[in-house]
Structure formats: structure tokens, C-alpha cells
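Observations on the model geometry
Below are the chains, spelled out letter by letter.
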Amino acid sequence: MKPATTAPWEALTRAADASRNVHLRDMFAADAQRFSHLSTSWNGWLLDYSKQRVSTATMGLLHGLWQGADVPGWIVRMRAGEAINHTEGRAALHIALRHPASKGPLLHAGQDVMPGVHGELDKMQRFAAQIHGRHWRGATGEPITDIVNIGIGGSDLGPRMATQALAAFRHPDLRVHYVANLDGADLVTVLAGLQPRTTLFIIASKTFTTQETMQNAASARNWLVQALGEAAVARHFVAVSTNLAEVARFGIDPANAFAFWDWVGGRYSLWSVIGLPLALAVGCDNFRQLLAGAHAMDEHFFSAPVAENLPGLLALLEIWNTNFLGAESRAVLPYSQSLALLPRYLQQLEMESSGKQTDRQGMPLTCASGPVIWGEAGTNGQHAFYQLIHQGGRLLPCEFIVCKQPDFALPGHHEKLLANCFAQSEALMRGKTLAETTAELAASGMAADQVAMLAPYRSFPGNQPSTTLLLPRLDPFALGALLALYEHKVFVESVIWDINPFDQWGVEYGKQLASRLLPVIVGTASGEHLDSSTAGLVAACRGT
Ligand code: F6P
């Protein structure tokens, strides 16, 4: 059913109209218990959404969307391995990748996937033990000191972000690098500091056909072969893919290939052997803790009532801001340097999943779907773009993520970080009225004409909505749970928006046009079919 025609949707539209003239500071003034009414906890985590522009009545209406769209029924379909990615005819069973072996089978097309999942995990663990134990030697007999993961999108962003997020847990003797960009500058700058004798490449690609990854892999192979000869490839290249035939064609020994399956979407693949560089960076015990955290969040998502369901609540708040208040983006603001890459990771997870125009019946969407995701680690963002959030006049919902304990304890830092994080959400909520600013400036002894001139510049509208997620600390278990939280948030939104979050045809179109343009750029095909702008750009590069 079209979401916008359901009864809760209509009631929410009326609630949004009624809320337009109510300021967040008035909502706090009217209800001393607002924080306890509009916050929830799980496993030592606190989700505070009291600074969102919602009332308990609005939340009640939003909860109606969960039942109305049958989120519980869709959870059952996902867990049963149904082909809920209907445009690609695939299941979306990433939850199986973190399902403990002791908890019994999970079926896909009538087959239990768990033996395969744990078989690959165990193979990965044996490989990591060889690298960490210095038993795996390069072609000259030296141990491996540097790992270079070559992949892009889901084959890069997850392990790259998690390797940084878990920097406090890093293996001391191994450096892990990431190369994604087709621009040779990426590979060249990473290789500049490395020795072929002690470097191992992981070629990570679900399809093993992605242009960027294949080009970087070929150039890395040349770099190695020039130094050590063709025979060295087997000791310096391993692969992670669903396409083992292509892996073999590249020249990688099948014994050194790690497999996953087409029911794992690229942006949901960190939990599979795509996590190999992360497992090498932080060790397999920590990788298994990451999986345990994700599984704990899965269990919470599957069983918690909507009012306490963290992924459900985040999804409903996103829908409220997007579809009822008209927000076009959400800023993700981790007050954690270790989570600095989280906004980039979520850009793929959320925008590739929710940037859709067609519903599950093949009809145009009648409501907006996924907003733009952007952000930066605090406090750096405060000195870059927060000005616009405070005084730019746009509705810009913010999501603060912060830990009670630091992952790198340096005296004097963490308390200030917490103070900045909470001060920002307070300032965004309260604002500062013209009267308050005028009084404050006058009290400072400023001349009256100066006060009158400056007060409009130095007052703030506030009423900017935000959510704060407070974690005890950032460790592998917490990170796993955090990422699974966002996966399920996206899933709930997709059910309510009635879209397929597991395909990405928009990305495919760009790839198709690039491969059609390449022969024109290298001069083996004519560009007469091109529009004048594209033809002009090509001609300018070719000097024709
Ligand atoms: O960006 C599009 C995409 O298909 C992603 O979904 C995927 O994560 C990425 O390309 C990389 O694909 P592959 O792992 O097959 O190289």
C-alpha cells in the first residue's frame, strides 16, 4: 500500500502541521519529564531523542507506521531467506553472517547456509593466524608486514571504517592499507611506502569485475611482478569474492580465495570474508566480537517492541523529519575520531539503499525516500560547517554519537569532548532569542547602539532537531551492534517507504556509460552519438 494513503500517515501530516509553531524549548518547558519520556536504553546504550521535534503523541502515531507497514512480517521474510531483493531475485541474509553456529540452521533456498558461513570464517581465522604468526612468508621468505586491501564501495568502506574505528585494538606488527580510487594517485601513494617482499594484497570484489578494483589489482600485480617475478603472485595475492572463476583467471590460487554468496549485498558484506583486512588488523577474536555485537543487535531488532526498538525508533524519526517536516538531509556527527569514517560508510549504506524512485509494485514513489547523509567527526565539524546548522535557516536534523569512555585515554581530552557534544545539541535545541542576546550583551557593558547592531547577528533560532546515541565505549562488540543498528534502520524505512533497499541500479547506469565512453576517450570509437557537452569535454582532453 502507498505509505502516504495510510491512516497513520494522514494523522502524522496533521500532527506536523500542528507542530510547526511549537519550539523545542517550549516542549522542554512544558514537560519536566520529557527526557525520560523520549529516550530509551539497550545494553548500557542510551538513545536520547527528546531533542527531536516530536511529542509522545507523535511517537504513538509513528509507532502506527511500524504495524501498518507490517515491519514484523518483513522481518520474518528476511530471516526466512526470501528473495526480498526482488529486482535482483536475491535474498538479503547478511544476518546469517553473524548468526552463531550454536543457534541452529538458517535456510536459503532450502539449504542451511551456516556450515558455509562458518567454514569461510574458520578458513579466514587460519589464514590470519599464519600471517600473525609470521608463518606465511612472501616469495623471498620474509614475513608480511603490510596488507593492502584493493576494493571499492562495500568491498572497501566497511573494513576501512572499522579498521580505523578499532584502532585501539590493532595488531602491533601489521599495517593495513586501503586502496579504492581508480585515480592512480591512490595506489601510487600507498605503494610508495611499501616493499614488495613484505606486502600482501587482498583483492576484494563481490563480482570480481568492478573496473576500479580490477585496474588497481592489475597495476599492483605489475608492481609486484616487476620486483619479484611472476611466480611471486601466489604468495602475495589473495582474493575475496563470490566469483571464484574470475579469481582463478586473475592468477590467484583458489586455495587463497575466500568466498561469500550472492545473498550478501556489497554494502552489507563487512561481516563476511570482506572483513578479512579488518580481521588481520585487529585479530580474529576481535572480529568475532564484532559479529557477536551485530548478532546482539539483530536479536534486539527482532524482538523489542517498537517503542524500545533502537533501529525502529531511528527509522521512524528519519521518516518524521523527511516526510513530515521536509528535511532533506541528516548530519551524522560522531564525537569520536575513531568513528571519523562512519559518515562515509553510512553514505553508502543509507543512500545506496534508500535513494530510490520506484516502489515494490513498480510504481513511482509518492513520498520522499532517503535523505542526503553527510557529516564529520566532532569537534572538527564545529569549525567547518556547524555555523550553517546554527544560523543557516535550514532544517538540518543531526545525529550525535559519543562514548562515555574514551578508546584512547589522554588526560584532559574526553571530558571536553563530551562537553562539546552535549553543548552542541543543547544550543541547537534552545537557540538564543534576540531578547536574551540583547540582555547578555548589555550586561557585558557594551554600549546600547552596539548591542542593537550586534544582537541580530548573535542570536540563534534553535529548534534544530537532534538525536544523541551514548555508548559505554567503542569496542568491537559495540561497533558491530552500531553498524547492525543502521542496517536495520534502513530496512525498517524501506518497508515503510515500500522500496527495495538492496539494489542499486543508479550506480549501474554510470558504469554502463563510462564503459561506452572509454573507447571514445582512447580514440578507438567515434563520439558522434554524444551530446555536445560530453563531446566537448572529450575533445578538450584529446586535444582534437
Ligand atoms: O557501488 C556499487 C557497487 O555495486 C556496490 O554495491 C558494491 O559494494 C561496489 O559496487 C563494489 O562491487 P564489487 O564488490 O563487486 O567490486
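The following refers to the structure shown. Note that the structure is a prediction, hence the values are computed from the model and not measured.

From N to C terminus, the protein includes 22 helices and 13 strands. Taken over C-alpha atoms, the radius of gyration comes to 25 Å for the protein, in line with the 24 Å a tight globule of 544 residues would show. Referenced to the eigenvectors of the C-alpha coordinate spread, the extents of the protein come out at roughly 80 × 60 × 60 Å. Every one of the 544 residues in the protein was classed for burial, and the buried ones make up 52%. Accessible area of the protein: about 22900 Å², with a carbon and sulfur share of 55%.

Once that is clear, we can look at the packing of aromatic side chains. Applying the stated criterion to the full structure yields 17 aromatic pairs. Here the aromatic rings of Trp66 and Phe301 are separated by 6.3 Å at their centres, their planes lie at 90°, and the arrangement is edge-to-face. Placement of Trp66 in helix α4 (residues 56-68) and of Phe301 in helix α13 (residues 284-303) is noted, with a sequence separation of 235 residues between them. Exposure remark for Trp66: the relative accessible area of 5% places this residue in the buried category. An angle of 55° between the planes, with centres 5.9 Å apart, marks the rings of Phe237 and Phe250 as tilted. Here Phe250 lies in helix α11 (residues 244-250) and Phe237 lies in strand β8 (residues 237-241), a separation of 13 residues in the sequence. By relative accessible area, Phe237 is classed as buried at 1%. One aromatic cluster is present, formed by Phe201, Phe208, Trp223, Phe237 and Phe250 through successive ring pairs. One Lys or Arg, Arg77, reaches over the ring of Trp74 and ends 4.3 Å from the middle of that ring. Over the ring of Trp136 we find Arg235; its NZ or CZ atom is 4.1 Å from the centre of that ring.

Further remarks concern the sheet that holds strand β5 (residues 146-150). The five strands are arranged β6-β5-β7-β8-β9 in an open sheet whose pairing can be described as parallel. Single-partner strands in this sheet number two, and they are β6 (175-179) and β9 (257-259). Here the strands of the sheet are splayed against their neighbours by 20° on average, with no regard to which way each runs. Relative to β9, β8 is paired through three bridges, and the arrangement is parallel. Bridge pairing links Val240 to Phe258 in β9. Packed onto the sheet, helix α6 (residues 114-132) meets β7 (199-204), β8 and β9 and runs at close to 150° relative to β9.

In a regular helix each residue adds 1.5 Å, so 17 residues correspond to 24 Å; helix α17 (residues 414-430) covers 24 Å between its end C-alpha atoms and thus fits that length. Turning to α17, its buried residues number three or more, namely His414, Leu417, Leu418, Cys421, Gln424, Ser425, Leu428 and Met429. Angular distribution of buried residues about the axis of α17 spans 130°; they occupy a single face of the element. Pointing more than 90 degrees away from the buried face of α17 are the exposed residues Glu415 and Lys416. Where α17 is buried, its residues meet α2 (24-30), α16 (386-391), β12 (398-403) and β13 (466-471). Two residues or fewer after α17 comes Gly431, characterised by a positive phi angle close to 65°.

Evaluated as defined, the whole model comprises 25 salt bridges. Measuring nitrogen to oxygen at the nearest pair gives 2.8 Å for the salt bridge that ties Asp298 to Arg98. In this pair, Asp298 is assigned in helix α13 and Arg98 in the loop between α5 (71-79) and β3 (107-108), connecting sequence segments 200 residues apart. Comparing Asp298 with Arg98 shows no difference in burial state: the two are buried. For Glu493, the salt bridge identified is with Lys489, shortest N-O distance 2.5 Å. In this pair, Glu493 and Lys489 both sit in helix α20 (residues 476-497), four residues apart, roughly one turn of the helix. Judged on exposure class, the residue Glu493 and its partner Lys489 are both buried.

A separate point is the pairing of β13. The side chains of a regular strand alternate between the sheet's two faces. Most of β13 sits out of view: six of its six residues are buried. Here β13 shows no split at all, with Ser466, Thr468 and Leu470 on one side and Thr467, Leu469 and Leu471 on the other all buried. Two strands pair when backbone bridges link them, and strand β2 (residues 45-48) and β13 are joined in this way by three bridges, in the antiparallel orientation. From the neighbouring strand, Leu46 faces β13, where its bridge partner is Leu470. Sheet topology places β12 next to β13; six bridges connect them, and they run parallel. Paired with Ile401 across the two strands is Leu469, which belongs to β13.

What counts, and at which threshold
Every chain begins its residue count from 1, and numbering advances along the sequence as written. In view of the model being predicted, local features appear only for residues whose pLDDT reaches at least 70, and side-chain atom pairs are presented and counted only at 80 or more, with totals across whole chains, interfaces and linings using the full set of residues. The basis for every side-chain value is the complete set of non-hydrogen atoms in the structure, without hydrogens or water. Numbering goes from the N terminus for both helices and strands, where a helix is a DSSP run of H or I of at least four residues and a strand is a run of E of at least two. In this description the radius of gyration comes from C-alpha coordinates, and the expected globular size is given by 2.2 Å times residues to the power 0.38. Remark: exposure states derive from per-residue accessible area (1.4 Å probe, protein chains only) relative to the maximum for the residue type, with buried under 20%, exposed over 50%, and partly exposed in between. Only the protein chains shown count as cover for residues, and all accessible areas are computed by the Shrake-Rupley method using a 1.4 Å probe. Side-chain rings of Phe, Tyr and Trp (the six-membered ring for Trp) are treated as a pair once their centres are within 6.5 Å; stacked means planes under 30 degrees apart, edge-to-face means over 60, and tilted covers the remaining angles. The criterion is that NZ of a Lys, or CZ of an Arg, lies within 6 Å of the ring centre and within 35 degrees of the ring normal, and then a charge sits over that ring. At least two DSSP bridges between two strands are required for those strands to pair. To get an axis, a line is fitted to the C-alpha atoms, and for a helix only the part in contact is used. The angle between two axes follows their N-to-C directions and goes from 0 to 180 degrees. We call two residues in contact whenever any of their non-hydrogen atoms come within 4.5 Å of each other. To estimate how far a helix should reach, multiply one less than its number of residues by 1.5 Å. The arc in question is formed by the directions pointing from the helix axis toward the C-beta atoms. Every case where a carboxyl oxygen of Asp or Glu lies within 4 Å of a side-chain nitrogen of Lys or Arg is listed as a salt bridge.

None of the figures reported here should be taken as evidence of function without further support.
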